[in-house]
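# Understanding the architecture of this molecule
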Amino acid sequence: MDERALLQQASELFRLQGQLIELPARGRAVFVGDTHGDWQASQIVVERYLDSETVLVFLGDYVDRGPHSLENILFLLEQKLKHPKNIFLLQGNHEGWKYAEFSPADFWQSLSQERRERFAETLAQLPLAASTPNGVLATHAALPDVQSLAEIRQIAPMSDHWRALTWGDWQEVPGYYLGDRGSRPQYGEAYFREIMRRFEKRVLIRGHQPHAPRYLFGARCVTIFTSSAYPLPRTVALLNLTDPIHKADQLSLEMV
Ligand SMILES: [Mn+2]
């Protein structure tokens, strides 16, 4: 399939599936952190884990930083079209070029204006969160200050809610919103606990913040990365979708 048709078909699928993904109550989910141009990591994950009983949830940031952004995003979009109910690609801040420029943006800057606009249009349609029936939520970064999980379906791009989901950082300190650090809004433990209570969720899985401790907030939040663009082991998190879960350290972490 040529690139243009791929982007168009992917856009239609993302619009159809909406901004909030609800995973089934069967089988397992494998969560994949920021891949950032690490095409090899994405291929390994698909080869190693994808089967009819497994859902793969990529947590965003597919492009920039690493050497193979274009190959990585084309591979992931192709896989998404092949396995529309078994692969989900959440939106990271590096997929938000349509709304705001940022840096580093080596992938976006490498494209002609026409291709840049086409990619930006498609990647802006990516979903913002994935929810499991056993108490887990996955986002790229932090959580939006909305009253219920269902409201994620209506979040507008560039709103504070969208910025929290795609750009937000956690800090292991008391407090709610702690101000912005550059383009990144910062949030404390009280905010985490309050939003998770509203959403009736126990555990948050996310990427985005390479200096965050692995576990935060009494092991209710886990941060993973799956890219050789960072000096961290490439990690995925496995979750059985039928077992009740209370803490993020109940997920199995594996290196890929
Ligand atoms: Mn990010």
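Above this text is the structure in question.
Scope of this entry: the structure provided in the associated data block. Computed from a predicted structure; not experimentally measured.

## Considerations on the overall build of the protein
Secondary structure assignment for the protein yields 7 helices and 14 strands. A compact globule built from 256 residues would reach a C-alpha radius of gyration of about 18 Å, and the protein, at 17 Å, matches this within 12%. Along the first, second and third principal axes, the C-alpha set of the protein runs to 45 × 40 × 35 Å. The 256 residues of the protein split such that 43% are buried. Partitioning the intrachain contacts of the protein with sequence separation of at least 6 by distance along the chain shows that 69% fall at a separation of at least 24.

## What to know about the packing of helix H1 (residues 3-17) against helix H3 (residues 69-82)
At a minimum axis separation of 10 Å, H1 and H3 run at an interaxial angle of 55°. By the angle between their directions, the pair H1 and H3 is classed as oblique. Judged by the sense of rotation from one axis to the other, the crossing of H1 with H3 is left-handed. Contact residues: Leu6, Gln9, Ala10 and Leu13 in H1; Leu74, Leu77, Glu78, Lys80 and Leu81 in H3.

## Notes on the sheet that holds strand S9 (residues 184-187)
Pairing is mixed in the open sheet, where 3 strands are placed in the order S7-S9-S8. Across the chains shown, the open sheet's two edge strands, defined by having one partner strand only, are strand S7 (169-170) and strand S8 (177-181). In the sheet, S8 pairs with S9 via 3 bridges, with the strands oriented antiparallel. Looking at the pairing, aspartate 180 lines up with proline 185 of S9.

## A word on the nonpolar core
Ranked by internal contacts, the top residues of the largest apolar core, which has 65 residues, are Phe31, Val32, Leu56, Val57, Leu90 and Ala138. Once residues within four sequence positions are removed from consideration, alanine 138 is found in contact with Phe31, Val57, Leu59, Leu90, Ala129, Ala130, Ile205 and Arg206.

## Remarks on the environment of glutamine 186
Its location among the elements puts glutamine 186 in strand S9. Its 17 C-beta neighbours within 10 Å are what place glutamine 186 among the partly exposed residues. Discounting residues that sit within four places of it in the chain, glutamine 186 has contacts with Asp169, Gln171, Leu178, Gly179, Asp180 and Arg181.

## Regarding the sheet that holds strand S12 (residues 221-223)
Taken together, the 6 strands give an open sheet; going across it, the order is S1-S5-S6-S10-S12-S11, and neighbouring strands pair in mixed fashion. Looking along the sheet, the strands with just one partner apiece sit at the ends: strand S1 (20-22) and strand S11 (215-216). Here 3 bridges tie S1 to strand S5 (residues 129-131), and the two strands are oriented parallel to one another. Opposite glutamate 22, over in S5, you have serine 131 as the bridge partner.

Cut-offs used in this document
- Residues numbered from 1 in each chain as written.
- Predicted model: local features only at pLDDT ≥ 70, side-chain atom pairs only at ≥ 80, totals over all residues.
- Helix = DSSP H or I, 4+ residues; strand = E, 2+ residues; numbered from the N terminus.
- Rg over C-alpha atoms; globule rule 2.2 N^0.38 Å.
- Buried ≥ 20, exposed ≤ 12 C-beta atoms within 10 Å, placed from the backbone.
- Contact = placed C-beta atoms within 7 Å.
- Axes fitted to C-alpha atoms, helices over the stretch in contact; angles between N-to-C directions.
- Parallel < 35°, antiparallel > 145°, perpendicular 65-115°, else oblique.
- Left-handed = near helix turned anticlockwise from the far one by under 90°.
- Pairing = 2+ DSSP bridges.
- Core = buried A, V, L, I, M, F, W, Y, C linked by C-beta atoms within 7 Å.

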